Amino acid sequence: MIARRLLAFGALASLAVGASACSSGGSDEEPTAAPTTAQQASPTPTPKVLAPEGMTPRQTPPPVDPPDPADFPGMQEQTEEGAQQAFAYFWAVAITANQSGDTSALEELGAESCDACTQYIGQVAERVEKGQLWPPATVTTDALEKYEDTDIDNVVLYRFTVTFEEQEGKKTPDPASYVSVGGLEWSDGGWKVLDFALQSQDA
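Residues numbered from 1 in each chain as written. Predicted model: local features only at pLDDT ≥ 70, side-chain atom pairs only at ≥ 80, totals over all residues. Heavy atoms only, no water.

Participant: Lay out the overall build of the chain with the relevant residues and their values.
Facilitator: When helices and strands are tallied, the chain shows 5 helices and 4 strands. Listing the helices and strands of the chain from first to last along the sequence gives α-α-α-α-α-β-β-β-β. Split into buried and exposed, the 203 residues of the chain put 46% on the buried side. Taking as baseline every contact in the chain between residues at least 6 positions apart, the subset at least 24 positions apart corresponds to 65%. (Helix = DSSP H or I, 4+ residues; strand = E, 2+ residues; numbered from the N terminus. Buried < 20%, exposed > 50% of the residue type's maximum accessible area, 1.4 Å probe, protein only. Contact = heavy atoms within 4.5 Å.)

Following this line, the structure appears as structure tokens:
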């Protein structure tokens, strides 16, 4: 059963690609390479930290307020809706980590077996080392629902847009839209992300 589940999660990359194509009207165009978190032919997704064009490096981590769990009602409940809210919270924390460089909260949200989570966290650390943290940004939910086109339990489809705040004297990156498909499991009284894939929705 565990082996089957892990093999099935290897298909999350293609699920995200399919979801992204559906959201753009079934376009055959390839997604942009920079934000891709999975290779379609790879059994283990390889995440890339989102890098919208026009990003200005930040040398000093700015103070960033963490996402408020109260904004994700039900995420501590063992329900389909709870899994969806937990996955949205995961991405809110991930975006915040790209701004602050602090991945401690993000580390608590992924299962120990989540290689995509580990790689994503590692790439945030690289951003810190290179002084390439993000400017202040907000995340807007465009769609949050159960992903129906799979027999795997607790797979969530999340479409969201990242909007960056204007900074005096600096170019503001354009808003960037993404679709992510993630698998979660209920463990020790809360949801953990088992694996995820990410695709850009921008042409």
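Participant: Residue-level account of the environment of E126, with values.
Facilitator: Counting through the fold element by element, E126 comes out in helix α5 (residues 115-130). Separated by 25 residues in the primary sequence, E126 and G101 have C-alpha atoms spaced 9.3 Å apart.

Participant: Could you give an account of the packing of aromatic side chains, with specific residues and numbers?
Facilitator: Pairs of aromatic rings are described using the distance from one ring centre to the other and the angle between the two planes. Counted under the stated rule, the structure contains 12 aromatic pairs. Ring centres 5.5 Å apart and planes at 85° place the aromatic pair F90 and W91 in the edge-to-face group. Each of the two residues, F90 as well as W91, counts as buried. With a centroid separation of 5.4 Å and 70° between ring planes, the pair formed by W134 and F164 is classed as edge-to-face. In this pair, W134 sits in the loop between α5 and β1 (137-146) while F164 sits in strand β2 (residues 155-164), placing the two residues 30 residues apart along the sequence. Residue classification places F164 among the buried positions, given a relative accessible area of 6%. Every member of this aromatic cluster is reached through a ring pair, and the members are F87, F90, W91, Y120, Y158, F160, Y178 and F196. (Phe/Tyr/Trp six-rings, centres within 6.5 Å; stacked < 30°, edge-to-face > 60°.)

Participant: How would you explain the confidence of the model for the chain if you had to name every residue and give the values?
Facilitator: Across the chain, pLDDT averages 78, with 68% of residues at or above 70. Within the model, the stretch residues 1-11 combines pLDDT values under 50 with 11 contacts to residues more than four positions away or in other chains. Note on residues 24-46: pLDDT under 50 across the span, and 44 contacts to partners over four residues away in sequence or across chains. (pLDDT = per-residue confidence, 0-100.)

Participant: Describe in detail the pairing of strand β3 (residues 176-187), supporting the description with residues and values.
Facilitator: Within a regular beta strand, the side chains point alternately toward one face of the sheet and then the other, so they alternate between its two faces. Most of β3 is tucked away, with 9 of its 12 residues classed as buried. Strand direction decides the pairing type here: β3 and strand β4 (residues 190-200), joined by 10 bridges, are antiparallel. Residue pairing for β4: S180 is matched across the bridge by L198. The loop that links β3 with its antiparallel partner β4 comprises 2 residues; one of these, D188, has a positive phi angle of about 55°. (Pairing = 2+ DSSP bridges.)

Participant: An account of the nonpolar core is needed here, citing residue identities and associated values.
Facilitator: Core analysis: the largest hydrophobic core is formed by 36 residues, its most contacted members being F87, F90, W91, F160, V162, V193 and F196. For this core, the secondary-structure elements that each account for two or more residues are α3 (80-100), α5, β2, β3 and β4. With residues up to four places along the chain from it excluded, the contact list for F90 reads L106, L109, C117, V193 and F196. Counting residues in each nonpolar core, the second largest holds 6 residues, with Y147, I152, L157 and V181 among its members. (Core = buried A, V, L, I, M, F, W, Y, C linked by side-chain atoms within 4.5 Å.)

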